[in-house]
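One-letter residues, chain by chain:
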Amino acid sequence: MDAPPDYPQPPIGGDREWVMADGASDDRKPVKGPAKGDVYVLRERCKGCGFCVEFCPTHVLEMSHDYNPKGYHYPLVSKPEACNGCDLCGMFCPDFAIYGVRRRAACKPIASAS
Ligand code: SF4
Ligand code: SF4
């Protein structure tokens, strides 16, 4: 789904895909660790059901006290550092008002990777 132009575009790339920063292919490997991601909220589409808040596995979201133009509370990203980009919020949202995106894994030389 293409995001409306008024909202930040997610990074291009698929789940668990990774690329070399400088074209090297033999001396680098993906860094192990928890997946990181970003979540995007389209406030004016939200109807305040709260599914995204309820089902987020890492408790990234909370409902706002403010209202959107339709008169509904909408999700706020209260713990962005905890988002892993799983997009469960997007899968549960009945109004296509939120989606998560995984970031490409960072790469670093094998010698410094643990
Ligand atoms: S699931 Fe969608 S409609 Fe429901 S509160 Fe979250 S963003 Fe709004
Ligand atoms: S993408 Fe996953 S971790 Fe991030 S807010 Fe949505 S459900 Fe939570």
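Everything that follows concerns the structure shown earlier in this document.
Residue positions are given per chain, counting from 1 as you read along its sequence in written order. To label them, take the chains in the order written and letter them from A, then take the ligands in the order written and number them from 1. Where local features are concerned, this predicted model is filtered to residues with pLDDT of at least 70; where side-chain atom pairs are given and counted, the filter is 80 or more; whole-chain, interface and lining totals use all residues.

Caption draft 1: How the structure looks around the pairing of strand S2 (residues 37-41). Residues are called buried when their C-beta atom has 20 or more other C-beta atoms within 10 Å, exposed when it has 12 or fewer, and partly exposed otherwise; all C-beta atoms are positioned from the backbone. For helices the rule is a DSSP run of H or I covering at least 4 residues; for strands it is a run of E covering at least 2, with both sets numbered from the N terminus onward. Side chains Gly-37, Val-39 and Val-41 of S2 all project onto a buried face; the interleaved residues Asp-38 and Tyr-40 project onto a face where none is buried. Pairing between strands is defined by DSSP: at least two bridges between them are needed. Sheet analysis places S2 next to strand S5 (residues 98-102), joined by five bridges and oriented antiparallel. Opposite Gly-37, over in S5, you have Arg-102 as the bridge partner.

Caption draft 2: Spatial organisation of the environment of Pro-75. Along the chain, the position of Pro-75 falls in strand S4 (residues 75-77). Assessed through the 25 C-beta atoms surrounding it within 10 Å, Pro-75 is described here as buried. Between the alpha carbons of Pro-75 and Val-41 there is a distance of 7.3 Å; along the sequence they are 34 residues apart. Note that contacts rest on C-beta atoms placed from the backbone: two residues are in contact if these are within 7 Å. When residues no more than four places from it in sequence are discounted, the contact partners of Pro-75 are Val-41, Cys-46, Cys-52, Val-53, Leu-61, Met-63 and Ile-98.

Caption draft 3: Fine view of the nonpolar core. Each nonpolar core reported here comprises buried Ala, Val, Leu, Ile, Met, Phe, Trp, Tyr and Cys residues connected via C-beta atoms within 7 Å. Residues Val-39, Cys-52, Cys-89 and Ile-98 are the most contacted members of the largest nonpolar core, which totals 16 residues. Residue assignment for this core shows that the elements contributing at least two residues are S2 and S5. In terms of residues, this core owes the most to one element, S5, which gives three residues.

Caption draft 4: Examining the site of ligand 2 more closely. The criterion for a residue being near a molecule or strand is simple: its C-beta atom, placed using the backbone, must lie within 6 Å of it. Of all residues adjacent to ligand 2, which total 14 residues, the nearest are Cys-56, Cys-83, Cys-86, Cys-89 and Gly-100. Of all the elements in the fold, those that place two or more residues in the shell around ligand 2 are S2 and helix H2 (88-92). Throughout, the ten residues Ala, Val, Leu, Ile, Met, Phe, Trp, Tyr, Cys and Pro are labelled nonpolar, Asp, Glu, Lys and Arg are labelled charged, and all others, Gly among them, are labelled polar. Residues belonging to the shell around ligand 2 are distributed by class as follows: eight nonpolar, five polar and one charged.

Caption draft 5: Summary view of unusual backbone geometry. Even without a glycine there, the phi angle at His-59 is positive, about 55 degrees. Mapped onto the secondary structure, His-59 falls in the loop between helix H1 (51-55) and strand S3 (61-63). Its 10 C-beta neighbours within 10 Å are what place His-59 among the exposed residues. Residues other than glycine seldom take positive phi values, yet Asp-87 does so here, at roughly 65 degrees. With respect to the helices, strands and loops of the structure, Asp-87 is situated in the loop between S4 and H2. C-beta crowding within 10 Å serves as the criterion here: with 17 such atoms nearby, Asp-87 is assigned to the partly exposed category.

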